[in-house]
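Okay, here's what each chain looks like letter by letter:
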Amino acid sequence: MPSENKGRFRKKRKIGLSDKQMLIVKIISAIFVVLLLLFMAAEMLGIASVSQVSDSVRNFFATLTPGDGFPHKINSSSVRHMDVLNGNLFIVTDEKTISLDTTAKQVKGTQHTYSNPDLKINGGKAIVFNRNDNRYRVENRTETLFTGETPEEEKIITCAIGSSGNIAIATLAESSTSKLTVLNKNYNEEVFVWNCAHDSIVAVSLSPNGKLVAVAVLGARDGEIYSKVSIFNFQYSTPVAEFEYPGTAMLDINFATNNNVVVIGDNKASFIKNLEKEESLNYGTSVLSAYTFSEAGDTVLVLSEHGSTNSEALTCYNSSFSVDFEEKYTSNVKSLYAADDKVAVLLDDRALVYRGNGNLYKEYEADVSAISIFNVGRNTYIYSIGEIVKATVKK
């Protein structure tokens, strides 16, 4: 009998999770619950939107399995634009938009068919649009939030996205030279439309509170170019402030605060305080070499003396337009990035990161193949031909 029963009764295999695995599951679940509660509270207080909550949750779970780390190989011939979106590197190539987390893991890769894609980022969202076409879309680091089109004949000139989530689209128009349309943060309502009869819109910016838009246009009169800046409150059809700049081609515009606007031109920069007082910085014999804005309202300008890349001067202005610090270089400034109360500067042979007060934070290695620089918290990334690397301290 014992021999007959041999093998009939076997020890059952334990198929449950081990104590260690259960602990990991509990920790992840607890973190998820805490995050969810925090985001629900933030949404109720108006601090975060549903899309921001969704993006943070998606990104959290994506980072549970890390990527291969940096350096990250990339086909430079297909890269159109690169920036930082809510802590992730956000890349626009000829075929798609890519979001890479701090471990170089791709948390999103969304195809597009844009022939001339461009990108603007603000407030944790990006508007990706096709210049000289009528298509655009709004994305965060993990998903596409909205896909839209302007009327067929209204080809896109440029776009902007506000920190409050609304978007501005500048287009060509049949009834005027150019047209500006502002959509609400849900992208389902036109809250402001302006037809510019004679001039071409070149740049737009939305105020942090989502109530104003600043527009820079370019025109010609009596054989001379001029630029004009108009600032609109959405409740009124006429501008609340307007400034003209004869002989200057304005290139970009940015709300430093709800009441302060900076405009960057080919031969001067204009600082508009409280939407009424304008102060110009004339470049004189110097040439604009590089500039950047931070979401905190900082403006960083680099001017080359007589256009020489061996004599460049950097000035960092805060949101009140006071000078935070200045630096001079005998090397070409190839790229700038301002975020997290730091300013990153890419030179021919090295990269420098300054704190907001101008103190040197880190000096990194860089070579001639380096193209652009980005700062994310404590980390600095350098995009070079064929790869993105996490910067290493210069020895």
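The coordinates are above.
The sections below set out a description of the structure shown in this document. (Residues numbered from 1 in each chain as written. Predicted model: local features only at pLDDT ≥ 70, side-chain atom pairs only at ≥ 80, totals over all residues. Heavy atoms only, no water.)

### Side note on the packing of aromatic side chains
Inference 1: The full count for this structure, using the stated rule, is 11 aromatic pairs.
Inference 2: Ring centres 5.1 Å apart and planes at 35° place the aromatic pair F146 and Y187 in the tilted group. With F146 in strand β9 (residues 144–149) and Y187 in the loop between β12 (178–183) and β13 (190–196), the pair connects residues that are 41 residues apart, well separated along the chain.
Inference 3: What makes Y187 buried here is its relative accessible area of 9%. (Phe/Tyr/Trp six-rings, centres within 6.5 Å; stacked < 30°, edge-to-face > 60°. Helix = DSSP H or I, 4+ residues; strand = E, 2+ residues; numbered from the N terminus. Buried < 20%, exposed > 50% of the residue type's maximum accessible area, 1.4 Å probe, protein only.)

### Structural notes on the sheet that holds strand β29 (residues 360–365)
Inference 1: Overall, antiparallel pairing links the four strands, which are arranged β26-β27-β28-β29 in an open sheet. The open sheet has two edge strands with one neighbour each: β26 (335–339) and β29. Going across the sheet, the axis of each strand differs from the next one's by a mean of 15°, ignoring polarity.
Inference 2: Pairing between strand β27 (residues 342–346) and strand β28 (residues 350–355): five bridges, direction antiparallel. Note on β28: the bridge partner recorded for V345 is L352. (Pairing = 2+ DSSP bridges. Axes fitted to C-alpha atoms, helices over the stretch in contact; angles between N-to-C directions.)

### A few points about unusual backbone geometry
Inference 1: Of note, the bond from F70 into P71 is cis; its omega dihedral lies within 30 degrees of zero at 10°.
Inference 2: Inspection of the secondary structure assignment puts P71 in the loop between α3 (50–62) and β1 (72–73).
Inference 3: Even without a glycine there, the phi angle at N86 is positive, about 50°.
Inference 4: If you trace the backbone, N86 turns up in the loop between β2 (79–85) and β3 (88–93).
Inference 5: Not every positive phi belongs to a glycine, and A104 is a case in point at roughly 70°.

### Here's the deal with the sheet that holds β12
Inference 1: As summarised here, the arrangement of the four strands in space is β10-β11-β12-β13, forming an open sheet in which the pairing is antiparallel. Whereas interior strands pair on both sides, the edge strands pair on one side only; in this sheet they are β10 (156–161) and β13. On average, each strand axis in the sheet is tilted by 15° relative to the strand beside it, whichever way the strands run.
Inference 2: When strand β11 (residues 167–172) meets β12, the two strands line up antiparallel, connected through six bridges. Across the sheet, A168 pairs through a bridge with V182, a residue of β12.

### Regarding the pattern of salt bridges
Inference 1: Counted by the stated rule, this structure contains 12 salt bridges.
Inference 2: For K108, the salt bridge identified is with E139, shortest N-O distance 2.4 Å. Highlighted residues: K108 in strand β5 (residues 106–111) and E139 in strand β8 (residues 135–139), separated in sequence by 31 residues. There is no split in this pair, since K108 and E139 are both buried.
Inference 3: A salt bridge links K155 to E152, with the shortest nitrogen-to-oxygen separation between them at 3.4 Å.
Inference 4: The exposed category is assigned to E152, whose relative accessible area is 53%.
Inference 5: Via salt bridges that share partners, K108, R137 and E139 belong to a single interconnected network. (Salt bridge = Lys/Arg side-chain N within 4 Å of Asp/Glu carboxyl O.)

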